[in-house]
Structure formats: structure tokens, C-alpha cells
Amino acid sequence: MRFLFLLFLPLLFITPIQAQNGWMQVYSKPGLTLKKAFFINQSTGWICGDSGRIVKTTNGGFTWSLYESGSSHAFNDIFFIDENKGWAVGGTKNSSGFSYTVVAFTNDGGNFWNVSTGMNYNNANKFVYFSNALNGFILAGGSSGGSLTGAVTKTTNAGVSWNTSETITSYNLLKKGNSETIWLGYQKWADAGYSNGDSVFIQTSTNEGNTWQTKSKFNGYQIFEVSMQNENSIDFIVRPYVSGGNKLLLRSTNGGVNWFADSLNFGFTVSGVSFINNNTGWISANGNLYKTTNNGVNWINQLSGFTGTVFMKDSVNGICYGSNGKIFITGTGGVTNIISGNGMPNAFSLSQNYPNPFNPSTIISYQLAINSFVQFKIYNALGNEVQTLVNKKQNAGSYSVDFNATSLPSGIYFYKLVTEKFSETKKMILIK
């Protein structure tokens, strides 16, 4: 019992920042830029960053641990084949213009990393993918004299040895679909500047990246970000070759056979996109995090002063991360105050608390379809009231409340929402 107490003791001192529109800040590290997230399941995930640093969570993102790989180079991508075995890749360019590459491998979930570095002169490693514990590849990209360059590096022995082939492309994205299809996007420039001859290629592979088939080609575009809902629904952020042109949301709902474009009107600072269906998605742009629930017709600001990437694990659970090591999580799908066409929720609802189990704090969200007097109370397993969170009249809208159980013992608790037209009770678990 003493061991369990010591194990969970650090969590008692976590003080997450108040939730903003369904998002709660759970971590920060000044000077750390977080670049790419990878989750092996709902609970365990990693985010790689600059200077060979990686953060890891084992409770869905509520708490994070920082690990130093020993590399001085930035990581651009991270991939795990299971909860223990994973790779991180990246690189930097020195003052003379030479690029260093870095590949790191862990066999214990990221506690210890074996790091190897090299010099590719033009390219830094950008993406890593493994189909199994032995076979994988790394995509690199860079430039030389105004022309885009790239490289593909493959291994068949878990990275003990690698075989590299140079290319004339710059890889911009890599996504794994729900089946065995891998989606690849890369850029070709017609010249040193940005011109109408620049091309974006979308390719797929069904044999672990050994061969690729061109799915689509777009002339006069630059490609930036991608979000994949499934094998049919893909969303790309691109910029057309027009003077002062805003970025576009280039979308396909039939696996890339046909595409249509919607203007984003977000200028040139889009750094992340994540759609969970054709209507609902998030974009990081202009130093803020935005959400749409109507196919991009309207965007609602959810986080102000945020620069980084949004990553939705499913329709409810997501994280966003970026500069100064800031990590925000949501278990409510980023609930906002604008739900229906008239700007109000069209139904009462009570969401499951997040995280659950929790220690010591959790977020609970609910929606009011009309103005109503609201009572929101917490009960223990015996039915005794232990805390009142809300006891007042509230306007129609969406709300999130924080429940802090520092003074309560471990166990099962119930939270109950009572309004003039609606009542519901849900269970949650406190573990200390």
C-alpha cells in the first residue's frame, strides 16, 4: 500500500490551468518546441521535439514526463510499433548549410534511447514509418541551391543497417490509413521561387512503401498539412499560386478520385489540421486554435495565443501542442458555445468526465438548451453529497467545470446535473 501511495503522490501536486472552451492546459516547458505526436492507444502516447527531447503520457495526456534522448538535434517525427519499441527521427542544418540526420531507437517505451547521427548535406529526416518490428523507412527532405531535394532510407533489420536512395522531391506528409494503405504527399518546385509550375503529388502504397502509385497531381500549389478521417475522406491544406492567395482546404470524400477546395481565409500561418468527419474539424492558424462544425463555413476560436498542432485521437479525445512545451487536452471534443444555427445548443447533455479515472482533478462538461436554474452536485458511493459545483441560474450554452478531489479518498463517485427540464447522473472513479 505504501508503494501505491508513493507511486501516485506526484499527481497530487498537478495543477492544470482552467479549461478554455473544453481545452485544459496540462503541461508546459519553456524553450521546448513540440513537433509530432504518436499514440499507440488511448492512454499511451509520445510527442517529439527539439534538442532530442520527447514527452510521454500513459494516462491519456493528463500528465507528461520529459525524456532526454542525448541528441542535440531536433526530432521531426516519432513512431512506435508497440508500447515499448519505437523510433524518432530528425536533424538540423548548421551555419554552413550542411544537414545532419538523427535516428533514435528505444526498446523500453522511451526511457532510454540509442541515438545515431550522420550528415546528408542537403536533407534532414522528416518522417518515419514501420510496418512491423523489422521493416521500416525514413523520408528526408531539404534543398540545395534553391531546388528541393529528398531521400528515402529503408531498413529490414529494425534499423541495425539502412539503405538510402536520393530523390528530387521534398516530402511534406505521411499518413497511415485504416487498412494497409500508406498515403504520401510531396512537393516539386519548378524553379527556385514559388510559381504556377510547382506541383503537389499525392501517392499511395499498399506494400509497405516499396512501390508508390500517384493518386493525384495538382499544379500550381504548395502543400502544408493533412488530416485523414479514413481511406475515403482526406483533407489537405494547400496554397494556390496567386498573388496574396490564402490557403485552401483541399478535400476528397472518395479516396482521392475527386477533389474540391474551400477557402480558409487564414493567410499563411496554418500549422495543423484535424477533421473527425466532413463537418467537424480543428485548425491551428494565426496564433489561435479554431473549430468548425459546419464544414468550414464558420470557425470558432477555442484557444487564443496558441501556436502549434492539433491532434484528435477520436471524436472526443484530443491534444494540441506546440511552442514553449504547452500541451492542452480535451475530453469533450472541444465543446464551444456555438453549437446550432442560432448559436445555442439544441439539446441538453451531460458528458463523461475527463480524464476518468482521475487524480485529483477532472473536467465535466454539459450543455443547456434553454435558460435554466442549474444544480450540479457530487455524491459518494453511499449517496452522500460531498460537493456542490453549480447552484445558480445559467443561460443556454455549453459549460465546463473542474472537480478537484484532493481532500477525498479513492473510490467511486457520482455527478448529477439537475435543471428545470433535464436531469442526468454519471459515474466517475478517483484513484490515489
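Residues numbered from 1 in each chain as written. Predicted model: local features only at pLDDT ≥ 70, side-chain atom pairs only at ≥ 80, totals over all residues. Heavy atoms only, no water.

It is worth spelling out the overall build of the protein chain at this point. Along its length, the protein chain carries 1 helix and 35 strands. Looking at the protein chain residue by residue over its 432 residues, the buried ones come to 50%. Partitioning the intrachain contacts of the protein chain with sequence separation of at least 6 by distance along the chain shows that 45% fall at a separation of at least 24. Of the roughly 18700 Å² of accessible surface on the protein chain, 50% is carried by carbon and sulfur atoms. (Helix = DSSP H or I, 4+ residues; strand = E, 2+ residues; numbered from the N terminus. Buried < 20%, exposed > 50% of the residue type's maximum accessible area, 1.4 Å probe, protein only. Contact = heavy atoms within 4.5 Å. Areas by Shrake-Rupley, 256 points an atom, 1.4 Å probe, with all protein chains shown as cover.)

Another point: the environment of Ile-138. Relative to the helices and strands, Ile-138 resides in strand 11 (residues 136-144). Ile-138 sits in the buried class, given a relative accessible area of 1%. It is 4.5 Å that separates the C-alpha atoms of Ile-138 and Val-128, two residues lying 10 residues apart in sequence. Excluding anything up to four places from it in sequence, Ile-138 contacts Val-89, Val-103, Asn-125, Phe-127, Val-128, Ala-151, Val-152, Thr-153 and Trp-162.

On to the sheet that holds strand 31 (residues 372-380). Pairing in this open sheet of 4 strands is antiparallel, and the strands run 32-31-34-35 from one edge to the other. In this open sheet, the two edge strands, each paired with only one partner strand, are strand 32 (385-394) and strand 35 (423-430). Direction aside, the axes of adjacent strands within the sheet are offset by 15 degrees on average. Where strand 31 lies against strand 32, 8 bridges are found, and the strand directions are antiparallel. Counterpart to Ser-372 in the pairing with strand 32 is Gln-394. (Pairing = 2+ DSSP bridges. Axes fitted to C-alpha atoms, helices over the stretch in contact; angles between N-to-C directions.)

Next up on the list: the environment of Asn-288. Here Asn-288 is to be found in strand 24 (residues 288-292). Along the sequence, Asn-288 and Gln-302 sit 14 residues apart, while their C-alpha atoms lie 7.4 Å from each other. Among the polar contacts made by the side chain of Asn-288, one reaches the main-chain carbonyl oxygen of Asn-286 at a distance of 3.4 Å. (Polar contact = N/O pair within 3.5 Å; in protein donor to acceptor, adjacent residues only side chain to side chain.)

Mean pLDDT over the protein chain: 78, with 79% of residues reaching 70 or higher. The spread of mean pLDDT over the elements of the protein chain runs between helix 1 (residues 2-8), the lowest at 32, and strand 3 (residues 45-49), the highest at 95. This model gives residues 1-19 a pLDDT under 50, and the stretch forms 20 contacts once residues within four places in sequence are excluded. Segment residues 333-345: pLDDT under 50, and 39 contacts once partners within four positions in sequence are set aside and those in other chains are kept. (pLDDT = per-residue confidence, 0-100.)

Quick look at a nonpolar patch on the surface now. A contiguous nonpolar surface patch, about 280 Å² in accessible area, is contributed by Phe-98, Met-119 and Tyr-121. Here Met-119 is to be found in strand 9 (residues 114-121). (Patch = residues over 30% accessible without salt bridge, like charges linked within 9 Å, V, L, I, M, F, W, Y side chains within 5 Å. Salt bridge = Lys/Arg side-chain N within 4 Å of Asp/Glu carboxyl O.)

Quick look at the sheet that holds strand 22 (residues 272-275) now. Read from one edge to the other, the open sheet built from 4 strands follows the order 22-23-24-25, with strand pairing classed as antiparallel. A single partner strand is all that each edge strand has here, and the edge strands are strand 22 and strand 25 (300-304). The mean inter-strand angle of the sheet, taken between neighbouring strand axes irrespective of direction, is 20 degrees. Strand direction decides the pairing type here: strand 23 (residues 281-285) and strand 24, joined by 5 bridges, are antiparallel. When the sheet's bridge partners are listed, Ser-284 is paired in strand 24 with Leu-289.

Judged by nonpolar contacts, the single largest core of 26 residues is most densely connected at Ile-54, Phe-75, Ile-78, Ala-88, Trp-113, Val-128 and Leu-174. Going through the elements one at a time, strand 3, strand 6 (75-80), strand 7 (86-93), strand 8 (99-106), strand 10 (123-130) and strand 11 are the ones with two or more residues in this core. Formed by 20 residues, the second largest nonpolar core is a distinct cluster that contains Phe-348, Leu-368, Ala-405 and Phe-422. (Core = buried A, V, L, I, M, F, W, Y, C linked by side-chain atoms within 4.5 Å.)

Per the stated rule, a full pass over the model turns up 16 aromatic pairs. Judged by centre distance (5.9 Å) and plane angle (15 degrees), the ring pair of Phe-39 and Phe-311 falls under stacked. One end of the pair, Phe-39, is in strand 2 (residues 34-39); the other, Phe-311, is in strand 26 (residues 308-312), and 272 residues separate them in sequence. For Phe-39, a relative accessible area of 13% corresponds to the buried category. (Phe/Tyr/Trp six-rings, centres within 6.5 Å; stacked < 30°, edge-to-face > 60°.)

One pass over the structure, following the stated rule, counts 4 salt bridges. For Lys-36, the salt bridge is made with Asp-77, and the minimal N-O distance between the two is 3.5 Å. Residue Lys-36 is found in strand 2, and its partner Asp-77 is found in strand 6; the two are separated by 41 residues along the sequence. Lys-377 serves as the salt-bridge partner of Glu-385, at 3.4 Å between the closest nitrogen and oxygen.

Alternating residues of strand 28 (residues 327-330) divide into Ile-327 and Ile-329 and Phe-328 and Thr-330, and every residue in both groups is buried. As paired elements, strand 1 (residues 24-27) and strand 28 share 3 bridges and run antiparallel to each other. Bridge assignment links Tyr-27 to a residue of strand 28, and that residue is Ile-327. Of the strand pairs in this sheet, strand 27 (residues 318-322) and strand 28 are connected by 4 bridges, and their pairing is antiparallel.

Structurally, Gln-302 is set in strand 25. Residue classification places Gln-302 among the buried positions, given a relative accessible area of 2%. Among the polar contacts made by the side chain of Gln-302, one reaches the side chain of Trp-23 at a distance of 2.8 Å.

The omega torsion of the bond from Asn-356 to Pro-357 falls at 5 degrees, within 30 degrees of zero and hence cis. Looking at where Pro-357 falls in the secondary structure, it is placed in the loop between strand 29 (349-350) and strand 30 (361-368). With an omega of -10 degrees, the peptide bond running from Asn-359 to Pro-360 counts as cis. Within the secondary structure, Pro-360 is located in the loop between strand 29 and strand 30.

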